[in-house]
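The chain contents come next:
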Amino acid sequence: MAEAVPVRCPACLRENGYTAPVFPCACGSPVHPPLDLAAPPVPLTHRTWSDTWVTVRCTTCGRESEWPHPELGCGSCGTVVLIAVHPLEATGTPADPAGPPSAAVRPGPGGPAGDPAGGLAGGATGRRPAHIPPPPAAPVPRPAFRPVTIRTARDAVATAALYLRWLGFRDVRQPDGRPIPAATVDLRAPGLVAQVDPTTAPAGLRAVECVWLNGLTASATSVYFALAGYTEEARARADDLGIPLFVMDLTGMPQPVNDPADSLVGPDA
């Protein structure tokens, strides 16, 4: 776990302890935003999408993912501040132009060095003829999803976004533009339309039909997440329309509640 660091409130100058959150990378390793404590925290007066998320690179696999931007509410005056994060640096190592020694230059039992026919005729080198493709690589098993505890409605939205990324959807975001006041929150990705209901009332029939229509308009997969479950009419309608339904508990672990959701998760979960 990351250590707590002092963050001074720019409004009242009080120091507050802050611990950077730890998130689960798709490879299974924990990642946390690299805080830039040399930069002063910035008061959050108007929340925008760009302020809400920050790109963080996993130090284990190098994957770049978007996570909630570190922020802190002052315990004295209540001011919410954004904590600066170090920007991503370009990575990559130049490939070795020489490369590893090639087996093709080794002399085979049937020919001189560099003669491919020598090694292939005797079969002693173990090289595969060019016209025979290599065997397919075994699929890499998907790591287990690591939930994040849900304490607020924003946590529920962040958990749904993490889970969709874990399922394989990329660039999961809230749509740009001014949000329409509603209890549910939209999430979009290429080929995906999702809605998250963080309220304490079960999602109803109309909510399921709305997300289905949104997905139909965008020619995308429709998915629904609810914190309080669904009514019987909503579940029956979702089964008819093929809408995957997930329910989230406060531990942050989404659970499929119908067959379309089981199919979306797949057998590796």
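Residues numbered from 1 in each chain as written. Predicted model: local features only at pLDDT ≥ 70, side-chain atom pairs only at ≥ 80, totals over all residues. Heavy atoms only, no water.

With that settled, consider helix α3 (residues 153-167). Here α3 is 15 residues long and its end C-alpha atoms lie 21 Å apart, about the 21 Å a rise of 1.5 Å per residue gives. Counting buried positions over the 15 residues of α3 gives 12, a clear majority of the element. Along α3, the residues that are buried comprise Ala156, Val157, Ala158, Thr159, Ala160, Ala161, Leu162, Tyr163, Leu164, Arg165, Trp166 and Leu167. Of the residues flanking the end of α3, it is Gly168, one or two places downstream, whose phi is positive at about 115 degrees. (Helix = DSSP H or I, 4+ residues; strand = E, 2+ residues; numbered from the N terminus. Expected span 1.5 Å × (residues − 1). Buried < 20%, exposed > 50% of the residue type's maximum accessible area, 1.4 Å probe, protein only.)

Below, the discussion takes up the pattern of salt bridges. Any two side chains of opposite charge can pair if their charged atoms end up close together. Throughout the structure, instances matching the rule amount to six salt bridges. The salt bridge involving Arg173 is made with Asp171; its shortest N-O contact spans 2.7 Å. Overall, Arg173 belongs to the partly exposed group, its relative accessible area being 29%. Among the charged side chains, a salt-bridge network with shared partners connects Glu66, Asp171 and Arg173. (Salt bridge = Lys/Arg side-chain N within 4 Å of Asp/Glu carboxyl O.)

Time to look at the confidence of the model for the protein. Looking at the protein as a whole, the pLDDT averages 78, with 74% of positions reaching at least 70. Per-element averaging of pLDDT across the protein places helix α2 (residues 116-122) at the bottom with 46 and strand β12 (residues 221-226) at the top with 95. Across residues 92-108, confidence stays below pLDDT 50; counting only partners more than four residues off in sequence or on other chains, it has 11 contacts. Contacts for the low-pLDDT stretch residues 110-124, under 50 throughout, to residues beyond four places or in other chains number 20 contacts. (pLDDT = per-residue confidence, 0-100. Contact = heavy atoms within 4.5 Å.)

What follows concerns the sheet that holds strand β14 (residues 254-256). One open sheet holds the five strands; their spatial order is β10-β11-β12-β13-β14, and the pairing between them is mixed. The sheet is open, and its two borders are formed by β10 (185-189) and β14, each paired with just one other strand. Within this sheet the neighbouring strands show an average axis-to-axis angle of 25 degrees, counted without direction. By the bridge criterion, three bridges tie strand β13 (residues 245-248) to β14 in an arrangement that is antiparallel. Across the sheet, residue Met248 finds its bridge partner in β14, namely Pro254. (Pairing = 2+ DSSP bridges. Axes fitted to C-alpha atoms, helices over the stretch in contact; angles between N-to-C directions.)

Another aspect to go through is the sheet that holds strand β9 (residues 80-82). Pairing within the open sheet is antiparallel, and its three strands lie in the order β5-β9-β8. Strands at the two margins of the open sheet, each flanked by one partner only, are β5 (42-43) and β8 (71-73). By the bridge criterion, three bridges tie β8 to β9 in an arrangement that is antiparallel. Across the sheet, Leu72 pairs through a bridge with Val81, a residue of β9.

Across soluble globular proteins, you tend to see nonpolar side chains buried next to one another. One finds Tyr163, Leu164, Leu187 and Phe225 to be the most contacted residues of the largest nonpolar core, which totals 35 residues. If you list the elements that add at least two residues to this core, you get β6 (53-57), α3, β10, β11 (192-197), β12, β13 and α6 (259-265). If you tally residues by element for this core, the top one is α3, at 10 residues. Discounting residues that sit within four places of it in the chain, Phe225 has contacts with Ala160, Tyr163, Leu164, Gln195, Val196, Asp197, Tyr230, Phe246, Met248 and Pro254. (Core = buried A, V, L, I, M, F, W, Y, C linked by side-chain atoms within 4.5 Å.)

Let us now look at the packing of aromatic side chains. Two numbers describe a pair of aromatic rings. These are the distance of the centres and the angle of the planes. If you walk through the whole model with that rule in mind, you get seven aromatic pairs. With a centroid separation of 5.1 Å and an interplanar angle of 85 degrees, the aromatic rings of Phe145 and Tyr163 are classed as edge-to-face. Pair noted here: Phe145 is in the loop between α2 and α3 and Tyr163 is in helix α3, with a separation of 18 residues, a long-range link. Look at Tyr163 and you get buried, because its relative accessible area is 3%. Feature note: the residues Phe145, Tyr163, Trp166, Phe225 and Phe246 constitute an aromatic cluster, connected by ring pairs. (Phe/Tyr/Trp six-rings, centres within 6.5 Å; stacked < 30°, edge-to-face > 60°.)

What follows concerns the side chain of Ser65. Looking at the secondary structure, you find Ser65 in strand β7 (residues 64-68). Its relative accessible area of 12% is what places Ser65 among the buried residues.

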